[in-house]
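Take a look at the letters that make up each chain.
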Amino acid sequence: MEALEDAILILGHALPFNEPMVAQGPFVMNTQKQIQEAYADYQNGKFGTWNH
């Protein structure tokens, strides 16, 4: 690997959770239902909203 400009590389390591994982877009949850709930919460402004 070669960086063409200054860069920071972050590596991480942890023990496995041994739980199911579903990833979609910015969300990572344990089930598809939780992913759908996260999208609904996001669309309903439960994570905050942008004020112009």
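Our structure's up above, just so we're on the same page.
The following paragraphs examine the structure supplied in this document. This one's a predicted model, so the numbers in the text were calculated from it and none came from an experiment.

Procedures and definitions
Residues numbered from 1 in each chain as written. Predicted model: local features only at pLDDT ≥ 70, side-chain atom pairs only at ≥ 80, totals over all residues. Heavy atoms only, no water. Helix = DSSP H or I, 4+ residues; strand = E, 2+ residues; numbered from the N terminus. Expected span 1.5 Å × (residues − 1). Buried < 20%, exposed > 50% of the residue type's maximum accessible area, 1.4 Å probe, protein only. Contact = heavy atoms within 4.5 Å. Phe/Tyr/Trp six-rings, centres within 6.5 Å; stacked < 30°, edge-to-face > 60°.

**Comments concerning the environment of tryptophan 50**
Part 1: The residue tryptophan 50 is located in the segment after α1 (32-43) in this model.
Part 2: When the C-alpha atoms of tryptophan 50 and glutamine 36 are compared, they prove to be 22 Å apart, with 14 residues separating the residues in sequence.

**Looking at α1**
Part 1: Helix length check: α1, at 12 residues, gives a terminal C-alpha distance of 17 Å against a target of 16 Å (1.5 Å per residue), a fit within 8%.
Part 2: After α1 finishes, the residue glycine 45 shows a positive phi value of roughly 80 degrees.

**Describing the environment of glutamine 32**
Part 1: Within the secondary structure, glutamine 32 is located in helix α1.
Part 2: Among the residues examined, glutamine 32 registers a relative accessible area of 37% and is labelled partly exposed.
Part 3: For the pair glutamine 32 and asparagine 18, spaced 14 residues apart in the sequence, the C-alpha separation amounts to 17 Å.
Part 4: The contacts of glutamine 32, once residues within four sequence positions are left out, are Val22 and Gln24.

**Regarding the packing of aromatic side chains**
Part 1: With the rule as written, the count across this model stands at 3 aromatic pairs.
Part 2: Residues phenylalanine 27 and tyrosine 39 carry aromatic rings whose centres are separated by 4.9 Å and whose planes lie at 80 degrees to one another, so their mutual orientation is edge-to-face. Here phenylalanine 27 is found in strand β2 (residues 27-29), whereas its partner tyrosine 39 is found in helix α1, with 12 residues between them in sequence.
Part 3: Accessibility expressed as a relative area gives 26% for tyrosine 39, which makes it partly exposed.

**What about unusual backbone geometry?**
Part 1: Of note in the backbone geometry, asparagine 18 takes a positive phi value of approximately 55 degrees without being a glycine.
Part 2: The topology assignment puts asparagine 18 in the segment before β1 (22-24).
Part 3: Its relative accessible area of 73% is what places asparagine 18 among the exposed residues.

Nothing here speaks to function; it is geometry throughout.
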